Amino acid sequence: MKKSSFVALILGTVSGVLFALGMCMALLPEWDAFTKGIIFGVIGIVLSIVTALIWCKMENKKLPKMNGKNVLRIMYAIISALVLGVGMCMCLVWQQIIWGTLVGLLGIIMLIALIPMVKGIK
């Protein structure tokens, strides 16, 4: 494993955990930590952006261009992640196990479909 990949793995994991913890803190009323959760979530988002910048710098690559195709890919990725999250909420919060599993699987399939969209099929 290259050093840049390892650094991106560690920083990406930390940023993902901070974001997820922040969202749990903000959205679970039992925790009573809305403001702190928002702060943790924002720190996670900022750290993920910093991770991308550091990885590009270590790999001597330029940042991706923000053209129409990339914007659509980003929107598709966000919608896919939201579909997966709704499926998880249906299972864990609303106790709709069957429908939640189906919606969660749809979100997973949508996220898997993102790979050929970005990398292409050879």
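Everything below is about the structure shown above.
All of the points below concern the structure found in this document. Worth saying up front: this structure is predicted, and the values here are computed from it rather than measured. (Residues numbered from 1 in each chain as written. Predicted model: local features only at pLDDT ≥ 70, side-chain atom pairs only at ≥ 80, totals over all residues. Heavy atoms only, no water.)

Take the overall build of the protein next. The secondary structure content of the protein amounts to four helices and zero strands. In the protein, the order of α-helices and β-strands from amino to carboxyl end is α-α-α-α. Each of the three principal axes of the protein carries a C-alpha extent, and together these read 45 × 35 × 30 Å. The burial tally for the protein puts 19% of its 122 residues in the buried class. The contacts in the protein between residues at least 6 apart in sequence include a share of 47% that link residues at least 24 apart. Surface accessibility of the protein: about 9200 Å² in total, with carbon and sulfur atoms responsible for 78%. (Helix = DSSP H or I, 4+ residues; strand = E, 2+ residues; numbered from the N terminus. Buried < 20%, exposed > 50% of the residue type's maximum accessible area, 1.4 Å probe, protein only. Contact = heavy atoms within 4.5 Å. Areas by Shrake-Rupley, 256 points an atom, 1.4 Å probe, with all protein chains shown as cover.)

As a further point, take unusual backbone geometry. Trans is the common state for peptide bonds, and a negative phi is the common state for residues other than glycine. The backbone phi angle of Asp32 is positive, close to 50°, even though this residue is not glycine. In this structure, Asp32 sits in the loop between α1 (3–27) and α2 (34–59).

For the structure on display, the rule yields one salt bridge. Residues Glu59 and Lys2 are paired through a salt bridge, measuring 3.0 Å at the closest nitrogen-oxygen approach. Of this pair, Glu59 sits in helix α2 while Lys2 sits in the segment before α1; the two residues are 57 residues apart in sequence, bridging distant segments of the chain. By relative accessible area, Glu59 is classed as buried at 17%. (Salt bridge = Lys/Arg side-chain N within 4 Å of Asp/Glu carboxyl O.)

Along the chain, Ser4 falls in helix α1. Sequence-distant contacts of Ser4, defined by excluding residues within four places in its chain, comprise Trp55, Met58 and Glu59.

Time to look at the layout of surface pockets. Estimated volume of the largest pocket: approximately 560 Å³. Every residue lining the largest pocket is counted, 13 residues in all, and those nearest its centre are Met23, Cys24, Leu27, Met88 and Cys89. Those elements giving two or more residues to the lining of the largest pocket turn out to be α1 and α3 (68–92). Tallying contributions element by element places α1 first for the lining of the largest pocket, with six residues. Of the pockets and cavities examined, the second largest pocket occupies roughly 440 Å³. In this structure, the second largest pocket is lined by Pro64, Met66, Asn70, Arg73, Ile74, Ala77, Ile78, Ala81, Leu114 and Val118. Of all the secondary-structure elements, those providing two or more residues to the lining of the second largest pocket are α3 and α4 (97–119). Residue contributions to the lining of the second largest pocket peak at six residues, all from α3. Partitioning the lining of the second largest pocket into residue classes produces eight nonpolar, one polar and one charged. (1 Å grid on protein atoms, 1.4 Å probe; cavity = no way out; pocket = protein on both sides within 12 Å on 5 of 7 lines; lining within 4 Å. Points joined across faces, edges and corners; volume = space filled by probe spheres on them. Nonpolar A, V, L, I, M, F, W, Y, C, P; charged D, E, K, R; others polar.)

This paragraph deals with α4. Along its 23 residues, α4 runs 33 Å from first to last C-alpha, staying within 8% of the 33 Å computed at 1.5 Å per residue. Following α4 by one or two positions, Gly120 adopts a phi angle in the positive range, close to 85°. (Expected span 1.5 Å × (residues − 1).)

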